[in-house]
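Coordinate inspection notes
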Amino acid sequence: MEYVYAALVLHSAGKEITEENIKAVLEAAGVEVNEARVKALVSALEDVNINEAIEKASFAPVAAAAPVAAAPAEATEEKKEEEEEEEEEEKKEEEAIEGLGALFG
C-alpha cells in the first residue's frame, strides 16, 4: 500500500512518477524498498490517468447503484442497451483498479 501512496504523493506534488522518485519517497518514510514492486508500480501507472482513476474510485459504489435506482420502469430498448454498455465499462474500470490494488497488496 505504501508504494501506491508514494505514487499519489508524487502525483499530488506535481512530480513525475519514476522509479527514483518512488524510492526517494519510500526511503524518506523509512520503508525498505522492494525494487521489483517499484518497477511494477511505475510500469502499471504508465498509461493511467491518475486523476480519473481517483475520481472513479471515489464514486464507484454510487455510480454502480445509480443506473438501477434511476431507471424508469418503462425504459426503451435503446436506454437499456446504453445502460448495459455503461455497466460493462464500469465493471472493466473497477476490475482494472482492483488489478492495480492486487499488485501492491
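Residues numbered from 1 in each chain as written. Predicted model: local features only at pLDDT ≥ 70, side-chain atom pairs only at ≥ 80, totals over all residues. Heavy atoms only, no water.

This next bit is on the overall build of the protein chain. Looking only at helices and strands, the protein chain features five helices and zero strands. Taken from N to C terminus, the helices and strands of the protein chain fall in the order α-α-α-α-α. Looking at the protein chain as a whole, 16% of its 105 residues qualify as buried. Taking contacts inside the protein chain between residues at least 6 apart in sequence as the whole, the part at least 24 apart equals 59%. (Helix = DSSP H or I, 4+ residues; strand = E, 2+ residues; numbered from the N terminus. Buried < 20%, exposed > 50% of the residue type's maximum accessible area, 1.4 Å probe, protein only. Contact = heavy atoms within 4.5 Å.)

On to the pattern of salt bridges. The tally for this structure, following the rule as stated, stands at two salt bridges. The residue Lys-23 makes a salt bridge to Glu-35 at a minimum N-O spacing of 2.8 Å. With Lys-23 in helix H2 (residues 19–28) and Glu-35 in helix H3 (residues 35–45), this pair connects stretches of sequence that are twelve residues apart. Residue class for Glu-35 comes out partly exposed when judged on its relative accessible area of 39%. A salt bridge links Glu-52 to Lys-56; the shortest N-O distance between them is 3.2 Å. A residue pair is termed a helical-turn pair when its members lie 3 or 4 positions apart in one helix, as Glu-52 and Lys-56 do in helix H4 (residues 50–70) at four residues. For Lys-56, a relative accessible area of 27% corresponds to the partly exposed category. (Salt bridge = Lys/Arg side-chain N within 4 Å of Asp/Glu carboxyl O.)

With ten residues, the main nonpolar core is built from Tyr-3, Ala-6, Ala-7, Leu-10, Ile-22, Leu-26, Val-38, Leu-41, Val-42 and Leu-45. Put simply, the parts of the chain that give this core at least two residues each are helix H1 (2–12), H2 and H3. (Core = buried A, V, L, I, M, F, W, Y, C linked by side-chain atoms within 4.5 Å.)

So, on to the packing of H1 against H2. Direction vectors running N to C along H1 and H2 enclose 110°, while the axes themselves pass 9 Å from each other. Accordingly, the angle class assigned to the pair H1 and H2 is roughly perpendicular. Once H1 is placed against H2, the crossing between them reads as right-handed. Counting all contacts with H1, which are made through Glu-2, Tyr-3, Ala-6, Ala-7 and Leu-10, the residues of H2 involved are Asn-21, Ile-22, Val-25 and Leu-26. Here the contact of H1 with H2 is built from residues that sort into seven nonpolar, one polar and one charged. (Axes fitted to C-alpha atoms, helices over the stretch in contact; angles between N-to-C directions. Parallel < 35°, antiparallel > 145°, perpendicular 65-115°, else oblique. Left-handed = near helix turned anticlockwise from the far one by under 90°. Nonpolar A, V, L, I, M, F, W, Y, C, P; charged D, E, K, R; others polar.)

Buried within H3 are the following residues: Val-38, Leu-41, Val-42 and Leu-45. The buried residues of H3 occupy an angular sector of 95° when the element is viewed end-on, so they sit on one face. For H3, the side-chain oxygen to backbone nitrogen distance between the N-cap and Ala-36 is 3.0 Å, and the N-cap itself is Asn-34. (Arc of directions from axis to C-beta. Polar contact = N/O pair within 3.5 Å; in protein donor to acceptor, adjacent residues only side chain to side chain.)

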